[in-house]
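Listed below are the residues making up each chain.
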Amino acid sequence: MINLKDLEYGELEELLLSMGEKKFRAAQIFKWLQLGVTGFDEMTDISKPLREKLGKVSFVSSLAIEEKYVSAVDGTVKYLFRLPDGNCIESVVMRYHHGSTICISSQIGCRMGCRFCASTIGGLYRSLTAGEILDQVIFAEKDMGERISNIVLMGIGEPLDNYDNVIKFLHNINNEKGKNIGYRHITLSTCGIVPGIYRLAEKNIPITLTISLHAPNDGIRRTIMPVSLRYSMDELIKACAFYADRTKRRISFEYALIRGVNDSMENADELASIVRPLHAHVNLIPVNKVEERDYRKGSRSEIDAFLHRLTSRGVNATVRRELGADIAASCGQLRKRAAGIKDGE
Ligand code: SAH
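Residues numbered from 1 in each chain as written. Predicted model: local features only at pLDDT ≥ 70, side-chain atom pairs only at ≥ 80, totals over all residues. Heavy atoms only, no water.

## A closer look at the packing of aromatic side chains
Here comes step 1: The full count for this structure, using the stated rule, is four aromatic pairs.
Here comes step 2: When the ring of tyrosine 198 is compared with that of phenylalanine 242, the centres are 5.1 Å apart and the planes differ by 50°; the resulting orientation is tilted. Here the residue tyrosine 198 occupies a position in helix α6 (residues 194-201), and phenylalanine 242 occupies one in helix α9 (residues 233-247), the gap between them amounting to 44 residues.
Here comes step 3: Given a relative accessible area of 24%, phenylalanine 242 falls into the partly exposed group.
Here comes step 4: Taken together, a centroid distance of 5.4 Å and an interplanar angle of 25° make the contact between tyrosine 255 and phenylalanine 306 stacked. Here the residue tyrosine 255 occupies a position in strand β12 (residues 252-257), and phenylalanine 306 occupies one in helix α11 (residues 300-312), the gap between them amounting to 51 residues. We note that tyrosine 255, like phenylalanine 306, is buried.
Here comes step 5: Directly above the ring of tyrosine 163 sits arginine 199, whose terminal nitrogen or CZ lies 3.8 Å from the centroid. (Phe/Tyr/Trp six-rings, centres within 6.5 Å; stacked < 30°, edge-to-face > 60°. Helix = DSSP H or I, 4+ residues; strand = E, 2+ residues; numbered from the N terminus. Buried < 20%, exposed > 50% of the residue type's maximum accessible area, 1.4 Å probe, protein only. Lys NZ or Arg CZ within 6 Å of the ring centre and 35° of its normal.)

## Looking at the sheet that holds strand β6 (residues 99-103)
Here comes step 1: Overall, mixed pairing links the ten strands, which are arranged β3-β4-β5-β6-β9-β10-β11-β12-β13-β14 in an open sheet. Edge positions in the sheet fall to β3 (64-70) and β14 (316-319), since each has one partner strand and no second. Strand-to-strand twist in this sheet, taken as the mean axis angle between neighbours without regard to direction, amounts to 20°.
Here comes step 2: Sitting on the sheet, helix α4 (residues 130-144) touches β3, β4 (77-82), β5 (88-96), β6 and β9 (150-153), and the angle it makes with β4 is about 125°. (Pairing = 2+ DSSP bridges. Axes fitted to C-alpha atoms, helices over the stretch in contact; angles between N-to-C directions. Contact = heavy atoms within 4.5 Å.)

Here it is in structure tokens:
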């Protein structure tokens, strides 16, 4: 059985043609899928015989809202969605003046092993399909009754470790017959899977790429991000330069400030020398406490000092505003609790 949302638009057309149907049926069905129908019976402009035929070879996926939290401080909404196979994923909707941004997951768990990250505790269970990635946008919009304008692939999982499904998802979310979200309104965050960055650069999908750097050199990076044992900082930065050149899009970097690990003035100087040639933006994130880890964030003044050091070295940098602080909006924590995952599993 095929999840219709796992098909790209062209594949949906082919499926319908192979059933002896007209091509335009694809547009009708694709539209229904985006609205979050949960079965063929809700597709009221599709004939009953076609609905029955479709039901024999395919299904319409859906997500159940297992838990939902709305921040009293800033209106951030956090969903714990349950998939039909019982697994849970998290998505967060952040409200800004210019519209809403959803942060979505690309995998159930993660195998990248970053030491400070809650999503990786328990490892990777499985990757999400293209339709399951899209469903987070569909069912959040349906529940909130409002349009989401921006997407960040920054939830649970490593998107470039689920490359093919993520590309399919990007094609479908960008499709004008569907949600029609422009690539410039989409950001993909990666821990730095170098071959994936090159592949993406060649794809001509001008999304914003952001790199979870978190360290100014291989020595520190290797102690907190196992992926850096595979790909050196040098290789990573080269791949970033290639991406920026090919797509004409500016790269940005995430840098979680961890007290005593990567937050010295010397670290700031080294970071500045790496990112400045790329004209990249640096997002400083005071590290979120994860129960199982003993990493701490610095004080506000230590964080500001790091920021000023970077900006005084000519780097475009900001400290990320914390949204949804009252609802544990940072990812991985809810799923972990729901699945009863403990460290070391
Ligand atoms: N796997 C992708 C996307 C998911 S993580 C990536 O690594 O980029 C989303 C972001 O949150 C990443 O920058 C990640 O490094 C960061 N992050 C994870 N745990 C964190 C923590 N405890 N405090 C601050 N940032 C964290």
